[in-house]
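The primary structure of each chain is shown beneath.
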Amino acid sequence: MRRLATSLLAGAALALSLVATSAAATAEPLPVIYNGVLGYAHTSPTASPPGANDWSCRPSAAHPRPVVLVHGTFADMSNSWQAISPLLHNRGYCVFALNYGAHGGSEQLGVYGMADISESAAQLADFVNRVLAATGARMVDVVGHSQGGMMPRYYLKHLGGARRVGALVGLSPSNHGTTLDGLFTLAGYFPGADGFMSDCPACDQQRAGSPFLTELNGGREALPGVRYTVIQSRNDEVVTPYTSAFLSGPNVTNILLQRQCPLDQGEHLSMPYDHIAAADVLNALDPGHAVSPACTPVAPVAGG
């Protein structure tokens, strides 16, 4: 009788396991919004993007490093990652995103990425440590847009991040700065951001030639042991000139979207909602299974 009960319990457990596995395998994929107009409408002080911040997620053998998504100046994690977060989730990655750099109450409007960049990098360091502790992973990969592609370099260089990051992928990163005109242009797309322009430490630090960027780019721009990918558009109206996004080093891959596809007329804002840039992100995270992006039209701001 005891053996029969044990067998029945084992069979029930196996059946439940199979049901759970089947349910996971047949779960509907999350919608991927390749539309910047709709994506940026998701501004929120606290909301996570779809597929992100499941703290019970455990990395698979195929994707052993969780991916941390880092938004740009004036943005937040929700309005920046309505495409790339669910795309990575659907591909089996553990995905995490944070809001950083609130300043002067800006977080009440969902406006982030304004504080001193060294303080924001410390917030990223704390977040990465939390991700590693929760997932049991040894390292993460980082994908960032605009300031979110540059700020992690401070974390790598000064806060020990090079030991914890396998790949850094920047979408239109402000690696060598921009002009104040570019930042005013950016602020115009985020309701309420222009009201904070006069008190935005990160804005001043992202000016081309600023002491912050001069120090950050001194010596090696790309640290050994980390794979760097920069994805940029010739049409970028915020990071100007567009070439200022690119890095130098043997472990750097610089990608100009229009060389891949002349039909891609995206610019700075559309970058997180550009299907070609998103394909480049997937390739950068998993170069062993790289696939050439489909060359179909991408519009400014709206993406596609």
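To be clear, the structure that these remarks concern was listed above.
Our subject in this report is the structure included herewith. (Residues numbered from 1 in each chain as written. Predicted model: local features only at pLDDT ≥ 70, side-chain atom pairs only at ≥ 80, totals over all residues. Heavy atoms only, no water.)

### Some details on helix α11 (residues 275–285)
- Burial within α11 is extensive, with eleven of its eleven residues counted as buried.
- By the burial criterion, the buried members of α11 are His275, Ile276, Ala277, Ala278, Ala279, Asp280, Val281, Leu282, Asn283, Ala284 and Leu285.
- Sitting at the amino-terminal end of α11 is Asp274, which places a side-chain oxygen 2.8 Å from the backbone nitrogen of Ile276. (Buried < 20%, exposed > 50% of the residue type's maximum accessible area, 1.4 Å probe, protein only. Helix = DSSP H or I, 4+ residues; strand = E, 2+ residues; numbered from the N terminus. Polar contact = N/O pair within 3.5 Å; in protein donor to acceptor, adjacent residues only side chain to side chain.)

### So, the state of the cysteines
- On inspection of all chains with the given rule, the structure shows three disulfides.
- One disulfide in the model links Cys57 with Cys94; its S-S distance is 2.0 Å. Taking the torsion about the sulfur-sulfur bond, which here is approximately -85 degrees, the covalent link between Cys57 and Cys94 counts as left-handed. Taken together, the positions of Cys57 in the loop between α2 (36–40) and β1 (67–70) and Cys94 in the loop between α4 (84–90) and β2 (95–98) put the pair 37 residues apart, joining distant regions of the chain. The pair formed by Cys57 and Cys94 is uniform in burial state, with each residue classed as buried.
- A sulfur-sulfur distance of 2.0 Å marks the disulfide that ties Cys261 to Cys295. Residues Cys261 and Cys295 are joined by a disulfide whose S-S torsion is about 80 degrees; by sign, that bridge is right-handed. One end of the pair, Cys261, is in the loop between α10 (257–260) and α11; the other, Cys295, is in the segment after α11, with 34 residues separating them in the sequence.
- By sequence order of its bonded cysteines, the protein has the disulfide arrangement 1-2, 3-4, 5-6. (Disulfide = S-S within 2.5 Å.)

### Some details on the pairing of strand β4 (residues 165–171)
- Most of β4 is tucked away, with seven of its seven residues classed as buried.
- Bridging between strand β3 (residues 140–145) and β4 involves five bridges; their strand directions are parallel. Note on β4: the bridge partner recorded for Val140 is Val165.
- Handedness of the β3-helix α6 (residues 147–158)-β4 crossover: right-handed. (Pairing = 2+ DSSP bridges. Right-handed = clockwise from strand over helix to strand, strands pointing away.)

### Notes on the environment of Leu168
- Relative to the helices and strands, Leu168 resides in strand β4.
- Separated by 29 residues in sequence, Leu168 and Met139 have C-alpha atoms that sit 12 Å apart.
- Ignoring anything within four residues of it in the chain, the contact list for Leu168 reads Val142, Gly149, Pro152, Arg153, Leu156, Val226, Arg227, Tyr228 and Thr229. (Contact = heavy atoms within 4.5 Å.)

### So, the sheet that holds β4
- Taken in spatial order, the six strands line up as β2-β1-β3-β4-β5-β6 in an open sheet, and their pairing is parallel. A strand with exactly one partner marks an edge of an open sheet, and here the two such strands are β2 and β6 (252–256). Taking each pair of neighbouring strands and ignoring which way they run, the sheet shows an average axis angle of 15 degrees.
- Across the sheet, helix α5 (residues 117–135) is in contact with β1, β2 and β3; its angle to β2 comes to roughly 155 degrees.
- Contacts from α11 reach β1, β3, β4, β5 (227–232) and β6 within the one sheet, and its direction differs from that of β5 by about 175 degrees. (Axes fitted to C-alpha atoms, helices over the stretch in contact; angles between N-to-C directions.)

### Considering the nonpolar core
- In this structure, Val68, Val70, Leu124, Val140, Tyr155, Leu156 and Tyr228 are the most contacted members of the largest nonpolar core, which totals 40 residues.
- Considering each element in turn, this core owes the most residues, eight residues, to α5.
- One finds Ala52, Met77, Leu257 and Cys261 within the second-largest nonpolar core, a separate group that totals 27 residues. (Core = buried A, V, L, I, M, F, W, Y, C linked by side-chain atoms within 4.5 Å.)

### So, α5
- Counted at 1.5 Å a residue, the expected span for α5 with its 19 residues is 27 Å, and the 27 Å between its end C-alpha atoms agrees.
- Every buried residue of α5 is accounted for by Ile117, Ser120, Ala121, Leu124, Ala125, Phe127, Val128, Val131, Leu132 and Thr135.
- On its buried side, α5 packs onto β1, β2, β3, α6, α8 (201–205) and α9 (211–216).
- Immediately downstream of α5, the backbone of Gly136 shows phi near 80 degrees, a positive value. (Expected span 1.5 Å × (residues − 1).)

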